[in-house]
Amino acid sequence: MTAIAANLQAVRTRIAAAERESGSRSSHGAPPVTLLAVSKTWPEAAIREASAAGQRAFAESYVQEGIDKQSSLQDVPLEWHFVGPVQSNKTRLVAAHFDWVHSIEREKIAQRLSEQREPSLPPLQVCLQINVSGEASKSGVSPAAAANLARSVSALPRLKLRGLMCIPEATDDPLLQRHRFAQLRQLLEALNAELGLNMDTLSMGMSDDLEAAIAEGATIVRIGTAIFGSRS
Ligand SMILES: *Cc1c(COP(=O)(O)O)cnc(C)c1O
């Protein structure tokens with residue numbers, strides 16, 4: 001087994017354990033957790049290794065880097081997610097090359113993505129990025145501004161609003177981790193009720209905090225380091 005295959009197996013084991021743990025607490029069955037492999041900075045060969053070990057969904061943070069890898073991996077059926085900041089001069093490329101965007105934080109960017117998404121492609125699946133920790137340096141819309149953004153994004157014809165994403169402050173305090181992820185879940189529930197939406201996706205949890213995220217209802221965890229190693 002390659003190192004990446006072994007790491008993937010270890011991550012799948014962590015996810016399954018966290019799902020069992022949270023399933024034993026909630027009376028109703030939670031939706032299964034999707035593992036998204038964050039391959040930013042890693043070469044095509046690393047993605048091929050992960051793909052050979054059964055991984056299908058990959059995420060990139062830089063548009064051109066992601067597109068370059070996609071073009072050399074055309075022989076493999078993969079799903080591509082974009083998780084980095086979307087600049088307005090990159091929306092056309094993102095709309096053409098990705099299946100999902102997790103990092104919608106401005107209405108204008110969402111409008112451009114909808115206008116530029118080709119009719120031949122399925123709608124672009126999107127999440128709103130929420131700044132749950134309120135750090136000034138962090139991307140994402142504030143929880144207070146989320147309803148307006150959700151209302152306008154959900155009306156765009158070529159986007160499908162699937163849910164919310166967050167990157168909380170780095171902390172090894174498990175209670176604070178749980179609190180941030182609970183905030184995102186409660187916001188999703190409140191927006192669904194208030195706006196009559198049916199968002200079904202909580203994109204939360206990374207290599208160091210996936211257990212806390214799954215305990216609070218994550219449906220997609222975004223894992224880089226624990227699969228590919230540390231980025232230099
Ligand atoms: C890099 C990145 C990740 C992966 O983080 P790890 O700690 O390496 O697992 C997840 N989400 C986003 C948005 C990222 O940019």
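An account of the accompanying structure is given in this report.

Conventions adopted
Residues numbered from 1 in each chain as written. Predicted model: local features only at pLDDT ≥ 70, side-chain atom pairs only at ≥ 80, totals over all residues. Heavy atoms only, no water. Near = heavy atom within 4 Å. Polar contact = N/O pair within 3.5 Å; in protein donor to acceptor, adjacent residues only side chain to side chain. Areas by Shrake-Rupley, 256 points an atom, 1.4 Å probe, with all protein chains shown as cover. Nonpolar A, V, L, I, M, F, W, Y, C, P; charged D, E, K, R; others polar. Buried < 20%, exposed > 50% of the residue type's maximum accessible area, 1.4 Å probe, protein only. Helix = DSSP H or I, 4+ residues; strand = E, 2+ residues; numbered from the N terminus. Arc of directions from axis to C-beta. Axes fitted to C-alpha atoms, helices over the stretch in contact; angles between N-to-C directions. Parallel < 35°, antiparallel > 145°, perpendicular 65-115°, else oblique. Left-handed = near helix turned anticlockwise from the far one by under 90°. Contact = heavy atoms within 4.5 Å. Pairing = 2+ DSSP bridges. Salt bridge = Lys/Arg side-chain N within 4 Å of Asp/Glu carboxyl O. Core = buried A, V, L, I, M, F, W, Y, C linked by side-chain atoms within 4.5 Å.

## Considerations on the site of the ligand
Right, so step 1: Neighbouring residues of the ligand: V38, K40, S61, V83, I167, M206, S207, R222, I223, G224, T225 and R231.
Right, so step 2: Contact between the ligand and R222: a nitrogen atom at 2.9 Å from a side-chain N or O atom of the residue.
Right, so step 3: Backbone polar atom of G224 to an oxygen atom of the ligand: 2.8 Å apart, as the coordinates give it.
Right, so step 4: Contact with the protein chains removes 89% of the 390 Å² of surface that the ligand exposes when unbound.
Right, so step 5: Taken together, the residues of the shell around the ligand break down into five nonpolar, four polar and three charged.

## Some words on helix 2 (residues 44–52)
Right, so step 1: What helix 2 keeps buried is the set A46, I47, A50 and S51. Buried residues of helix 2, seen end-on, are gathered within an arc of 135° and therefore sit on one face of the element.
Right, so step 2: Of the residues trailing helix 2, G54 is marked for its positive phi of about 100°.

## As for the packing of helix 6 (residues 146–154) against helix 7 (residues 174–195)
Right, so step 1: Between helix 6 and helix 7, whose axes approach to 11 Å, the crossing angle comes to 55°. On the basis of their axis angle, the class for helix 6 and helix 7 is oblique. Crossing handedness for the pair helix 6 and helix 7: right-handed. Judged by residue contacts, A146, A147, A150 and R151 of helix 6 engage L187, L191, E194 and L195 from helix 7.
Right, so step 2: Per-class residue counts for the contact of helix 6 with helix 7 are six nonpolar, no polar and two charged.

## Considering the pairing of strand 4 (residues 100–104)
Right, so step 1: Buried residues dominate strand 4, accounting for five of its five residues.
Right, so step 2: As paired strands, strand 3 (residues 79–82) and strand 4 are joined by two bridges and run parallel to one another. For F82, the partnering residue across the bridge sits in strand 4 and is V101.
Right, so step 3: Of the strand pairs in this sheet, strand 4 and strand 5 (residues 124–129) are connected by three bridges, and their pairing is parallel. Across the sheet, the residue bridging to I104 is L128, located in strand 5.

## Side note on the pattern of salt bridges
Right, so step 1: Tallied over the entire structure, the rule returns eleven salt bridges.
Right, so step 2: Ionic pairing is found between D75 and R48, a salt bridge with its closest N-O pair at 3.0 Å. In this pair, D75 sits in the loop between helix 3 (63–72) and strand 3 while R48 sits in helix 2, placing the two residues 27 residues apart along the sequence.
Right, so step 3: Look at D75 and you get exposed, because its relative accessible area is 56%.

## Regarding the nonpolar core
Right, so step 1: Of all hydrophobic cores here, the largest spans 63 residues; its most connected members are L128, I130, V153, L164, V221, I227 and F228.
Right, so step 2: Setting aside residues up to four positions removed in sequence, V221 forms contacts with I15, V33, T34, L35, L36, M204, G205, L210 and I214.
Right, so step 3: The next biggest cluster of nonpolar side chains, apart from the first, holds nine residues, and it includes V38, A59, C127 and I220.

## Description of unusual backbone geometry
Right, so step 1: The residue T41 is not glycine, and still its phi comes out positive at about 75°.
Right, so step 2: Residue placement: T41 occurs in the loop between strand 1 (34–38) and helix 2.

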